[in-house]
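Residues per chain, in single letters:
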Amino acid sequence: MAAGGPVDAAVFLRESLVPGQQVAGPLVVEEGTATTVVFGDQLLTVDRYGHLFVRTREDQ
């Protein structure tokens, strides 16, 4: 929960993410063995190998 209450977040299946894709939070990535949460001030990037990187937007 955010400090101000519940937040709507997009939900992605891990296998639907493609290399080079960037998605701004808030969002959730679901897969068989893990769940990744990306907060509203963060950006998810998928590298060319399919690895997920989560950074704060000011780090961009």
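Residues numbered from 1 in each chain as written. Predicted model: local features only at pLDDT ≥ 70, side-chain atom pairs only at ≥ 80, totals over all residues. Heavy atoms only, no water.

K.L.:
Just to check I follow, could you spell out unusual backbone geometry for this structure?
P.N.:
Trans peptide bonds make up the majority, and among non-glycine residues the majority have a negative phi. Cis geometry is found at the peptide bond from Gly25 to Pro26, where omega equals 10°. Here Pro26 shows up in the loop between β2 (22–24) and β3 (27–30). (Helix = DSSP H or I, 4+ residues; strand = E, 2+ residues; numbered from the N terminus.)

K.L.:
Teacher, can you tell me more about the pairing of strand β6 (residues 52–56) here?
P.N.:
Put simply, side chains in a regular strand alternate between the two faces of the sheet. The sheet contact formed by strand β5 (residues 42–46) and β6 spans five bridges and is antiparallel. Looking at the pairing, Thr45 lines up with Phe53 of β6. Joining the antiparallel neighbours β5 and β6 is a turn of five residues, in which Gly50 adopts a positive phi near 90°. (Pairing = 2+ DSSP bridges.)

K.L.:
Which parts of the structure should I look at to understand the pattern of salt bridges?
P.N.:
A side chain of one charge can pair with a side chain of the opposite charge when the charged atoms of the two come close. Tallied over the full model, the rule gives one salt bridge. One salt bridge in this structure joins Arg14 and Glu31, with 2.8 Å as the shortest N-O distance. Residue Arg14 is located in the loop between β1 (10–13) and β2, and its partner Glu31 is located in the loop between β3 and β4 (35–38); the two are separated by 17 residues in the primary sequence. Under the relative-accessibility criterion, Glu31 is labelled partly exposed at 29%. (Salt bridge = Lys/Arg side-chain N within 4 Å of Asp/Glu carboxyl O. Buried < 20%, exposed > 50% of the residue type's maximum accessible area, 1.4 Å probe, protein only.)

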